[in-house]
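Fold and geometry: a report
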Amino acid sequence: MTIPKTQYGFVYTQANGLNLKEDIPVVEPGSDEVLLKIDAVGLCHSDLHVIYDGLAVGDNYVMGHEIAGTIVKTGSKVTLFKDNDRVAAVGPNPCGDCTTCRTGFENDCPHSAGKWFGLGVDGGYQQYLLVKRPRNLVKIPDNVDSADAAAITDAVLTPYHALKLAGVRPSSNVLFFGAGGLGVNAIQIAKAFGATVTVIDKKEKALDVAKSLGADAYYTKIPEDVEAGSFDVAIDLVGIQATFDECQKYVKPKGVIVPVGLGAARLSFDLGDLALREINILGSFWGTATDLKESFELASQGKVKPKVREAPLRELPEWIIKLKNGEYEGRVVFRP
Ligand code: NAD
Ligand code: ZN
């Protein structure tokens, strides 16, 4: 296949936001790099936090952090992959070599902080991506299509990692806030773990989806007959003070709260309640390559089916507005 010298894509700068650029160079891979043709790339609410809400992550890069593609040029020293392999990006883009990475927490790699794919360094809102560390790619199972694979790299991986961290098991009573791009998959993963699932979303249409995916209970607001301290685990996929307060109220003594959503820059907790009931608050960031492989396994086995719709990449700006206004459910994934 002929690889063009330039391509179109969407570049983010702190000064001017996200803008279409028609002449982005397609860079030749070096001997230990690969060139990826982007097959599908998902839009995440985190992009909106960067564009509109002052979440400071780097400057002057191609956005898009849910990436699935096909390798079109393999550097001569690369042994892990070959041309035509269908792969997905491990978003945190870890170095692989530091103590944090080698102890299995590569999603927290301090050397890659702020240099995540599409969040700090170039990502998938373009036609081709130079991957400098091919170790941060994972093969996509044959029976998982590329649009689903893109969503799996974050909208499945992130809740999967959070639910694993929280130790969710068949006896767990789990409360979710937010049944959007991440939430619709979080419900399916928690059900695959055998948990009982209650979902709160302010949007009725999101609750219809939650119901169709097997949520045991779903409300726009927690009803009065649900007692405080009823849940083992509360996963907050919104992350504002109001939802965090509800998580603290409704989690059991020794319960776990995972504030995954980045809706507020800061959250506060009621120390008296937190300390006296020994509640655990766990930070959770994206996921590791192993988590991503396991997420693909769940999808390959049909236990999780990401809810995605497809659109041309050039329509990205209008879908950003639709996501901001809550005008669709699940994930939109673009085919460049
Ligand atoms: P989304 O916009 O697709 O979904 C959010 C859902 O929450 C929507 O259905 C919306 O109706 C609902 N909602 C909003 N405010 C609510 C409220 N006050 N009460 C109840 N429901 C409410 O967003 P998404 O792409 O699923 O992302 C969710 C959050 O997770 C974002 O803040 C995103 O930045 C964050 N995120 C964090 C990580 C991480 O590693 N920690 C990774 C990915 C995304
Ligand atoms: Zn994301």
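Each value, and the rule that gives it
- Chains are numbered independently. Their residues run from 1 in the order of the written sequence.
- Numbering of ligands from 1 and lettering of chains from A proceed in the order in which they are written.
- At least 70 in pLDDT is required for a residue's local features to be given in this predicted model, at least 80 for side-chain atom pairs to be given and counted, and no such filter applies to totals for whole chains, interfaces and linings, which use all residues.
- As a rule here, side-chain values cover all heavy atoms of the structure and leave hydrogens and water aside.
- Helix and strand assignments come from DSSP, with helices taken as H or I runs of at least 4 residues and strands as E runs of at least 2, each series counted from the N terminus.
- Throughout, exposure labels follow a simple rule: accessible area from a 1.4 Å probe, protein chains only, divided by the maximum for the residue type, with under 20% read as buried, over 50% as exposed, and the rest as partly exposed.
- Areas reported as accessible are Shrake-Rupley estimates using a 1.4 Å probe. Residue values count occlusion only from the protein chains shown.
- By definition in these notes, contact holds between two residues if any of their heavy atoms fall within 4.5 Å.
- Note on definitions. A residue lies near a molecule or strand when any single heavy atom of the residue is within 4 Å of it.
- Definition of a polar contact: a pair of N or O atoms within 3.5 Å, with one able to donate and the other able to accept a hydrogen when the atoms are protein atoms, and with sequence-neighbouring residues admitted only if both atoms are side-chain atoms.
- Residues are sorted three ways: Asp, Glu, Lys and Arg are charged, Ala, Val, Leu, Ile, Met, Phe, Trp, Tyr, Cys and Pro are nonpolar, and all the rest, Gly among them, are polar.
- In what follows, salt bridge is the name for a side-chain nitrogen of Lys or Arg lying within 4 Å of a carboxyl oxygen of Asp or Glu.
- Annotation comment: domain bounds sourced from an automatic or database domain assignment.
- Buried area is a sum: the accessible area each of two parts loses on coming together, probed at 1.4 Å, counted once for each and added.
- Note on terminology: disulfide denotes any pair of cysteine sulfur atoms within 2.5 Å.

Observations concerning the overall build of the chain
Check the secondary structure of the chain and you find nine helices and 18 strands. The dimensions of the chain, computed from C-alpha atoms along their principal axes, are 65 × 40 × 35 Å. Evaluated residue by residue, the chain yields a buried proportion of 53% over its 336 residues. Summed over all atoms, the accessible surface of the chain reaches about 14,800 Å², with 50% contributed by carbon and sulfur.

Comments concerning the side chain of D154
In this fold, D154 is placed in helix α3 (residues 146-165). For D154, a relative accessible area of 5% translates into the label buried. Residues within four places of D154 in sequence aside, it is in contact with C44, H65, E66, P159, L182, W286 and R331.

Brief notes about the site of ligand 1
Around ligand 1, the surrounding shell holds 27 residues, and the nearest of these are H45, S46, D201, W286 and R331. A distance of 3.3 Å separates a nitrogen atom of ligand 1 from a polar atom in the backbone of K202. Contacts to ligand 1 include W286, whose backbone N or O atom sits 2.8 Å from an oxygen atom. Burial of ligand 1 by the surrounding chains reaches 88%, relative to a free accessible area of 870 Å². At three residues, the largest contribution of residues to the shell around ligand 1 is made by helix α1 (residues 45-52). Considering only residue class, the shell around ligand 1 consists of 11 nonpolar, 11 polar and five charged.

Re the pattern of salt bridges
This model, assessed by the stated rule, comprises 18 salt bridges. Residue R314 is joined to E22 by a salt bridge in which the shortest nitrogen-to-oxygen separation is 2.9 Å. One end of the pair, R314, is in the loop between β17 (308-312) and α9 (316-324); the other, E22, is in strand β2 (residues 17-25), and 292 residues separate them in sequence. Given a relative accessible area of 44%, R314 falls into the partly exposed group. For the salt bridge of R102 with D97, the shortest nitrogen-to-oxygen distance reads 2.6 Å. By relative accessible area, which is 61% here, R102 ends up exposed. Salt bridges sharing common partners tie together E66, D154 and R331.

Structural notes on the environment of Y328
Take Y328: it is sitting in the loop between α9 and β18 (331-335). Residue classification places Y328 among the buried positions, given a relative accessible area of 5%. Placed 304 residues apart in sequence, Y328 and I24 show a C-alpha to C-alpha distance of 30 Å. Not counting chain neighbours up to four residues away, the residues in contact with Y328 comprise L43, K203, R309, W319, K322 and L323.

A closer look at the domain arrangement of the chain
According to the domain assignment, the chain contains domain 1 (6-154 + 287-335) and domain 2 (167-281). Centre-to-centre separation of domain 1 and domain 2, based on C-alpha positions: 27 Å. Between domain 1 and domain 2, the contact holds 15 residues from the first and 14 residues from the second. Taken together, the two surfaces of domain 1 and domain 2 that pack against each other cover about 1,100 Å², and 63% of this comes from carbon and sulfur. Counting across the domain 1 and domain 2 interface gives one salt bridge. The residue E329 makes a salt bridge to K203 at a minimum N-O spacing of 2.9 Å.

Considering the state of the cysteines
Inspection of the entire model under this criterion finds zero disulfides. With no disulfide of its own, C98 has C95 as its nearest cysteine by sulfur position, at a separation of 3.8 Å. There is no disulfide at C247, and the cysteine sulfur nearest it, in C44, is 18 Å away.

What to know about the environment of G123
Here G123 shows up in the loop between β8 (120-121) and β9 (128-131). Given a relative accessible area of 0%, G123 falls into the buried group. As for G123 and N60, which are separated by 63 residues in sequence, their C-alpha atoms are 11 Å apart. Ignoring any residue separated from it by four or fewer positions in sequence, one finds G123 in contact with V62, M63, G64, I67, F117, G118 and L129.

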